[in-house]
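The chain contents come next:
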2 protein chains.
Amino acid sequence: MDDTGIEALIGLMARLPGLGPRSARRAVLAMLKKRQQLMAPLAQSLAEVALAARDCQICGNISTADICPICANPARATGEICVVEDVADLWALERAGAFRGRYHVLGGTLSALDGIGPDELGIPRLVARVADENATEIILALNATVDGQTTAHYIADALAAAPAQITTLAQGVPVGGELDYLDDGTLGAALRARRRL
Amino acid sequence: MDDTGIEALIGLMARLPGLGPRSARRAVLAMLKKRQQLMAPLAQSLAEVALAARDCQICGNISTADICPICANPARATGEICVVEDVADLWALERAGAFRGRYHVLGGTLSALDGIGPDELGIPRLVARVADENATEIILALNATVDGQTTAHYIADALAAAPAQITTLAQGVPVGGELDYLDDGTLGAALRARRRL
């Protein structure tokens, strides 16, 4: 090789998650062999998205418009706001297709160590939004980690004055999961939250 | 999501080898979070390489110049030409750093079924080049497959009239390989090609 342009491209590709130097080289070689069909359209698409992508002014989702397609969809003004830590979580919930309301993306969890307080997570903005939109239910879909749950409790407290109902995701046995392979914490939670068949 | 621009980008990324829809989504999300540091430079680099990349007029290597850096390097005019099937093989040999001559990239193997004959692989061009450059050694570094070996024999015949020596890669035990895990063919080849210690 020794081609500086191609080497630089491989170096950038290798910084993507899931790609190392070896797979980045493989991907670049595949693109070099399909310059017209793959490389040029990918360069074009990347440039367009890099220019247009921005955080939604309402929910914090990333899209190519000031207001993301979810917030812009009037059919989704159900009064339900689902609070998630990260855009990846929003995308995962959208793939599940089980939620038809809107979102609020925190962009992280409260962390005294990292200097992340309520303002950094837009919690005052969420409280104002809940009042503005007369939201009826706030679903705290945060990760089941210590940080996630601490943040969920903080948000629940901040919203205590709002008339909206505060809910959280159910904990229990994953669909298709085998009891034998579940950790004790999940099994205990599933047992405590048991329901009538 | 539902963002057509971002969806299209994920679709293109998913066409890269080693990336599926899931890892493409993860890569795009990582880029969206690092728009200035990663996404914009990657778009720029891709566009530049897509525009500049071409097949080397001498050896068939892909680079961003008409003559690739290897062919353009006078220190590599050693009279040795290493014939490989694919640019990936050339890159692999360059990484090994054991060869200081030049290459000839076939771009495939002879295949009557796929209609790939000597002309498609540039074999007449190779024969002319061997004469032009007064090459002293032609190393046939083709894959140890039936197609690769058939092609190697064809090239050796085509070059029979040239004064250059025709050689091929040694077959044997891989460095660090354990005999117990080797296939019978490799083990047999290593035994037949045994050498005095």
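Residues numbered from 1 in each chain as written. Chains lettered and ligands numbered in written order. Predicted model: local features only at pLDDT ≥ 70, side-chain atom pairs only at ≥ 80, totals over all residues. Heavy atoms only, no water.

Focus on the overall build of chain A
Then, in step 1: Along the backbone of chain A there are eight helices and six strands.
Then, in step 2: Mapped in sequence order, the helices and strands of chain A form the string α-α-α-β-β-α-β-α-β-α-β-α-β-α.
Then, in step 3: The C-alpha radius of gyration of chain A comes to 21 Å, more than 25% above the 16 Å expected for a compact globule of 197 residues.
Then, in step 4: Taken over the C-alpha atoms alone, chain A extends approximately 65 × 45 × 40 Å along its principal axes.
Then, in step 5: By residue count, 41% of the 197 residues in chain A fall in the buried class.
Then, in step 6: Within chain A, one finds 18 positive and 23 negative side-chain charges whose respective centroids are separated by 9 Å. (Helix = DSSP H or I, 4+ residues; strand = E, 2+ residues; numbered from the N terminus. Rg over C-alpha atoms; globule rule 2.2 N^0.38 Å. Buried < 20%, exposed > 50% of the residue type's maximum accessible area, 1.4 Å probe, protein only. Lys, Arg positive; Asp, Glu negative; His and termini not counted. Charge placed at Lys NZ, Arg CZ, Asp CG, Glu CD.)

Section: the interface of chain A and chain B
Then, in step 1: Each side of the interface is counted separately: chain A has 53 residues, and chain B has 51 residues.
Then, in step 2: Buried area between chain A and chain B, both sides added, is near 4,700 Å², and the carbon and sulfur share of it is 71%.
Then, in step 3: Inspection of the chain A/chain B interface yields four salt bridges.
Then, in step 4: At the boundary of chain A and chain B, one finds six residue pairs in polar contact (both at pLDDT 80 or more). (Contact = heavy atoms within 4.5 Å. Buried area = accessible area lost by both parts, 1.4 Å probe. Salt bridge = Lys/Arg side-chain N within 4 Å of Asp/Glu carboxyl O. Polar contact = N/O pair within 3.5 Å; in protein donor to acceptor, adjacent residues only side chain to side chain.)

Digging into unusual backbone geometry
All names here are of chain A.
Then, in step 1: Positive phi outside glycine occurs at N134, with the angle close to 45°.
Then, in step 2: Among the structural elements, N134 can be located in the loop between α6 (123-132) and β5 (137-140).
Then, in step 3: On the basis of relative accessibility, which here comes to 60%, the residue N134 falls in the exposed class.

Side note on helix α1 (residues 4-13) of chain B
Then, in step 1: All of the buried residues in α1 of chain B are I6, L9, I10, L12 and M13 of chain B. Down the axis of α1 of chain B, the buried side of the element spans an arc of 160°, and every buried residue falls inside it.
Then, in step 2: On its buried side, α1 of chain B packs onto α3 (35-52), β2 (62-63) and α5 (87-96) of chain A together with α2 (21-33) and α3 (35-52) of chain B.
Then, in step 3: In this structure D3 of chain B caps α1 of chain B, since a side-chain oxygen of it lies 3.2 Å from the backbone nitrogen of G5 of chain B. (Arc of directions from axis to C-beta.)

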